[in-house]
Amino acid sequence: MASHVQFLKMNGLGNAFIVIDARKTMPQLGADAVRSLANAQTGPGCDQFITLEASPAGADVFMRIHNADGGEVEACGNATRCIGRLLLAETGKTVVSVETVVGVLTAYRGDSQDMVMVDMGVPKFGWQDIPLSEPFEDTRAIELQVGPIDAPILHSPSVVNVGNPHAIFWVKNDVESYGLEANGPMLENHMIFPDRANISLAQVHNSKELTLKVWERGVGLTRACGTAACAAAVAAHRNRFTERKVLVHLPGGDLTIEWREADEHILMTGSTELEYVGDISLDDLTWRKLPDQDRVG
Ligand SMILES: N[C@H](CCC[C@H](N)C(=O)O)C(=O)O
């Protein structure tokens, strides 16, 4: 078995990924290795660790997603865009397919090499689909006593599943003014969320624009979260706050989200960045950036 593996350091609006292409050699990296590499103190650092594998469903690739805490999860919109960029360049096609544990997603070339649009599929709203531990018939507004951020709530929180679970708290003031870093762990692990949840604070500016701050399940605060942007855009429209197409501002940049009326699919468009190629020693997980001329593939 190879003693080293190359990786790509990529990001979608600052949402950081380490990408390993295991379609040729499958490196044995367990949860402990993921945690070590995802931690910027001990590795390159990332929010999600992405492993590319052959697709059993015949898609261009199977994308396996692990959060920085080592847990495997169902969806990652920004990573899907980054992998879409790699596949679009690798295949020369204008449309590529990415299989995940919750289905096959489609990625489309955008107006430039770094811009990618992903069809994230159809959202789910049933309380069992989120999932929630209690029955709520109207998941646009669930009753959740959460203390500190109750006060400025404009509207009870909404929950949506876009492959992964999301809760959106509608706030009146600047999303930076609620100390999400302090409230995040309590909300992520609230007993109402048996699978935990990704937590967003959303400030709606007008019918076409909102701002998000996200505490990601298994990660913490991130610069951007694609599935959160999808969930918030859908929940905002369901609450009649916005139209079906909105511009979502995140700390790392903007995403355009459209919840298409014809088929209820969510389309997410935004930029991606390939930062560098690196190399990891599988013996001791030490790593280094590779100079351009040493890149393979
Ligand atoms: N950053 C990712 C979401 C990761 C969600 C993950 N934290 C989870 O546990 O579902 C995105 O762009 O969609």
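Above this text sits the structure in question.
None of the values given here were measured: they were computed from a predicted structure.

(A) Representation of the side chain of T100 within the structure. As for its position among the elements, T100 is in strand β6 (residues 95-100). The buried category is assigned to T100, whose relative accessible area is 4%. Excluding its chain neighbours within four sequence positions, the residues that come into contact with T100 are F62, M63, E74 and L105.

(B) How the structure looks around the site of the ligand. Lining the immediate surroundings of the ligand are 15 residues, of which N15, G77, E216, R217 and G226 lie closest. Here an oxygen atom of the ligand sits 3.0 Å away from a polar atom, N or O, in the main chain of N78. For the ligand, whose free accessible area comes to 360 Å², the fraction covered by protein is 100%. For the shell around the ligand, the secondary-structure elements that each account for two or more residues are α2 (77-91) and α4 (226-238). Grouping the amino acids of the shell around the ligand by side-chain chemistry returns four nonpolar, nine polar and two charged. There are two domains that each give the shell around the ligand at least three residues, and those are domain 1 (4-120 + 272-294) and domain 2 (127-264).

(C) Representation of the environment of V116 in the model. Position of V116 among the secondary structure elements: in strand β8 (residues 115-119). Note: C-alpha distance between V116 and T80 (36 residues apart in sequence) is 9.2 Å. Every residue in contact with V116, bar those within four places of it in the chain, is listed here: R81, R85, L88, A107, Y108, G110, M268, T269, G270 and T272.

Conventions adopted
- Residues numbered from 1 in each chain as written.
- Predicted model: local features only at pLDDT ≥ 70, side-chain atom pairs only at ≥ 80, totals over all residues.
- Heavy atoms only, no water.
- Helix = DSSP H or I, 4+ residues; strand = E, 2+ residues; numbered from the N terminus.
- Buried < 20%, exposed > 50% of the residue type's maximum accessible area, 1.4 Å probe, protein only.
- Contact = heavy atoms within 4.5 Å.
- Near = heavy atom within 4 Å.
- Polar contact = N/O pair within 3.5 Å; in protein donor to acceptor, adjacent residues only side chain to side chain.
- Areas by Shrake-Rupley, 256 points an atom, 1.4 Å probe, with all protein chains shown as cover.
- Nonpolar A, V, L, I, M, F, W, Y, C, P; charged D, E, K, R; others polar.
- Domains from an automatic or database assignment.

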